[in-house]
Amino acid sequence: ITSAPYHPATIGLAENAVKTIKTALKKFEGSKDEILHRFLFDYRIMPHITTGIPPCELMMKRRLKTRFDLLRPDLDKIIGYAIHTPIEIACLIVS
């Protein structure tokens, strides 16, 4: 599929991406490199509207740790310990 290079309908997505990045650069404080790296990281860990999966998970096949992972505990790990610990204890008592 080909499209006209300067047709407004085909360049709209690129213009929206540039507008989003410019808005982020104006909003945050710090050096331009740091702001750009932080923005791109945050952008890449957000789930895509079409696939529902973040681009970083599609590329790296794993979920990246964010600043919020330090604040909230890993519930799967906590629930897993709560479920498996009593069973392991029961197996040790029986054997």
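The model shown is predicted, which means the values in this text are computed figures rather than measured ones.

A. View of the overall build of the chain. Within the chain one finds five helices and zero strands. Along the chain, helices (α) and strands (β) appear in the sequence α-α-α-α-α when read from the amino end. Split into buried and exposed, the 95 residues of the chain put 9% on the buried side. Counted over contacts in the chain with a minimum sequence separation of 6, partners at least 24 positions apart contribute 11%. Split by element, the accessible area of the chain, about 8800 Å² in all, is 66% carbon and sulfur.

B. Structural view of the environment of His48. Its location among the elements puts His48 in the loop between helix 2 (32-45) and helix 3 (55-60). Leaving out residues up to four positions away in the same chain, His48 has contacts with Ile53 and Pro54. In terms of polar contacts, His48 uses its side chain to reach the backbone amide nitrogen of Thr50, at 3.0 Å.

C. Region of interest: the confidence of the model for the chain. Per-residue confidence for the chain gives a mean pLDDT of 75; residues scoring 70 or more make up 66%. Mean pLDDT across the secondary structure elements of the chain bottoms out at helix 5 (residues 75-94), with 56, and peaks at helix 3, with 88.

D. Spatial organisation of unusual backbone geometry. The phi angle at Lys61 is positive, at roughly 60 degrees, despite the residue not being glycine. Mapped onto the fold, Lys61 is located in the loop between helix 3 and helix 4 (67-71).

E. Structural context of the side chain of Thr66. Along the chain, Thr66 falls in the loop between helix 3 and helix 4. Residue classification places Thr66 among the buried positions, given a relative accessible area of 15%. Ignoring sequence-local partners within four residues, the contact set of Thr66 consists of Phe41 and Ile45.

F. Looking closely at the packing of aromatic side chains. Under the definition given, this model contains one aromatic pair. When the ring of Phe39 is compared with that of Tyr43, the centres are 6.0 Å apart and the planes differ by 25 degrees; the resulting orientation is stacked. In this pair, Phe39 and Tyr43 are both assigned in helix 2, four residues apart and thus about one turn of the helix distant. Sitting above the plane of the Phe28 ring, Arg38 keeps its charged end 5.7 Å from the centroid.

Rules used throughout
Residues numbered from 1 in each chain as written. Predicted model: local features only at pLDDT ≥ 70, side-chain atom pairs only at ≥ 80, totals over all residues. Heavy atoms only, no water. Helix = DSSP H or I, 4+ residues; strand = E, 2+ residues; numbered from the N terminus. Buried < 20%, exposed > 50% of the residue type's maximum accessible area, 1.4 Å probe, protein only. Contact = heavy atoms within 4.5 Å. Areas by Shrake-Rupley, 256 points an atom, 1.4 Å probe, with all protein chains shown as cover. Polar contact = N/O pair within 3.5 Å; in protein donor to acceptor, adjacent residues only side chain to side chain. pLDDT = per-residue confidence, 0-100. Phe/Tyr/Trp six-rings, centres within 6.5 Å; stacked < 30°, edge-to-face > 60°. Lys NZ or Arg CZ within 6 Å of the ring centre and 35° of its normal.

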